[in-house]
Amino acid sequence: MTMIPERPLPAPIVDVFTAPFWQAASEGVLLIRRCKACGEAHWYPRPFCPHCASDDTQWVPASGRGTIYSFTVARKAGPVPYVLAYVTLDEGVTMLTNLVDGEVEALHIGQRVQVTFRAGEGGAAIAVFTPCTTP
Ligand SMILES: [Zn+2]
């Protein structure tokens, strides 16, 4: 059994557009963007909807739950191995993220995961995912 190790996470670049995202993250809430014109969610966050090009988009809280679409265990990238994954949130968007906690050997595509937060360099809360303890 190999537990997923922790590694330093780089500090985010915070600007006027992303400041609400990072503020919510510091309060333990994952935000995504949703278009008010067509109703579709999107990730990564953009001020324009990639589905209909409307600029009428807003931050909305995500459930924080999703499934592993794909993942890789990076064992030779540095002194600490880590797990990168594409996680598809229940809202339908897929985000590149880090997996933490859990057993490396037990990870699998389709596995349910939930958001948690880790302090990145500089102290900002970084959204990462961990295996769900409930379905
Ligand atoms: Zn739209």
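Whatever comes next refers back to the structure up there.
Engineer: If you had to explain the coordination of the zinc ion to someone new, which residues and values would you point to?
Structural biologist: With distances of 2.3 to 2.4 Å, the protein atoms coordinating the zinc ion are C35 (SG), C38 (SG), C49 (SG) and C52 (SG). Around the zinc ion, the four donor atoms sit at angles spanning 104 to 117 degrees, and that spread fits a shape best called tetrahedral. Along the chain, the residues donating to the zinc ion fall in the pattern C-x2-C-x10-C-x2-C. One end of the pair, C35, is in strand β1 (residues 31–35); the other, C49, is in the loop between β2 (41–42) and β3 (57–61), with 14 residues separating them in the sequence. On the basis of relative accessible area, C35 is assigned to the buried category, the value being 2%.

Engineer: Please provide a residue-by-residue account of the layout of surface pockets, values included.
Structural biologist: In this structure, the largest pocket occupies an estimated 430 Å³ of space. In terms of lining residues, the largest pocket is bounded by 20 residues, among which W22, W43, L96, I126 and A127 are the most central. Mapped onto the lining of the largest pocket, the elements with two or more residues apiece are α1 (19–26), β6 (94–99) and β8 (125–131). The leading source of residues in the lining of the largest pocket is β6, at four residues. Residue composition of the lining of the largest pocket, grouped by class: 16 nonpolar, three polar and one charged.

Engineer: How would you explain the environment of T133 if you had to name every residue and give the values?
Structural biologist: Relative to the elements of secondary structure, T133 occurs in the segment after β8. For T133, a relative accessible area of 73% puts it in the exposed group. Here the alpha-carbon distance between T133 and G102, two residues 31 residues apart in the chain, equals 10.0 Å.

Engineer: Before we move on, can you summarise the packing of aromatic side chains with the specific residues and values?
Structural biologist: Remark: the centre distance and the inter-plane angle together describe each pair of aromatic rings, the angle taken between the planes. Summed over all chains, the structure comprises four aromatic pairs. With centroids separated by 5.4 Å and ring planes inclined at 40 degrees, the aromatic side chains of F17 and W59 adopt a geometry described as tilted. Remark: W59 occurs in strand β3 and F17 occurs in the segment before α1; sequence separation between them is 42 residues. The exposure class of F17 is partly exposed, given its relative accessible area of 25%. Measuring from centroid to centroid gives 4.8 Å for F21 and W22, while their planes differ by 90 degrees, and the two rings are edge-to-face. We classify F21 as buried; its relative accessible area is 8%. Each member of the aromatic cluster is reached from another via a ring pair, and the members are F17, F21, W22, W43 and W59. In this arrangement the basic side chain of R33 is found over the ring face of W59, its NZ or CZ atom lying 4.8 Å from the centre.

Conventions adopted
The residue numbers shown here count from 1 along each chain, following its written sequence. Owing to the predicted nature of the model, reporting of local features is limited to residues with pLDDT of at least 70; listing and counting of side-chain atom pairs is limited to 80 or more, with chain, interface and lining totals taken over all residues. Heavy atoms from the whole structure form the basis of all side-chain values; hydrogens and water molecules are not counted. Only nitrogen, oxygen and sulfur atoms qualify as donors, provided they sit within 2.8 Å of the metal or within 3.2 Å for Na, K and Ca; with water excluded from the atoms, sites may seem incomplete. Any coordination sphere not matching a tetrahedral pattern (four donors, all angles between 85 and 135 degrees) or a square planar or octahedral pattern (four or six donors, opposite donors over 155 degrees apart, other angles between 65 and 115) is reported as irregular. Helix and strand definitions here come from DSSP, where helices need a minimum of 4 consecutive H or I residues and strands a minimum of 2 consecutive E residues; each element is numbered from the N-terminal end. Only protein chains enter the accessibility calculation, which uses a 1.4 Å probe; a residue is then buried when its area is under 20% of its type maximum, exposed when over 50%, and partly exposed in between. A pocket here means an open set of points on a 1 Å grid, computed over the protein atoms alone, that has protein on both sides within 12 Å along at least five of seven lines. A cavity is instead a set of points where a 1.4 Å probe fits but cannot get out; residues with an atom within 4 Å of a point line either one. Grid points are joined across faces, edges and corners, and a volume is the space filled by probe spheres set on the points. Residue type decides the class: Asp, Glu, Lys and Arg count as charged, Ala, Val, Leu, Ile, Met, Phe, Trp, Tyr, Cys and Pro as nonpolar, and the leftover types, Gly among them, as polar. Stacked, edge-to-face and tilted are the three classes for Phe, Tyr and Trp ring pairs, Trp counted by its six-membered ring, which pair at centre distances within 6.5 Å; planes under 30 degrees apart are stacked, over 60 edge-to-face, the rest tilted. Lysine NZ or arginine CZ positioned within 6 Å of the ring centre and within 35 degrees of the ring normal marks a charge as sitting over the ring.

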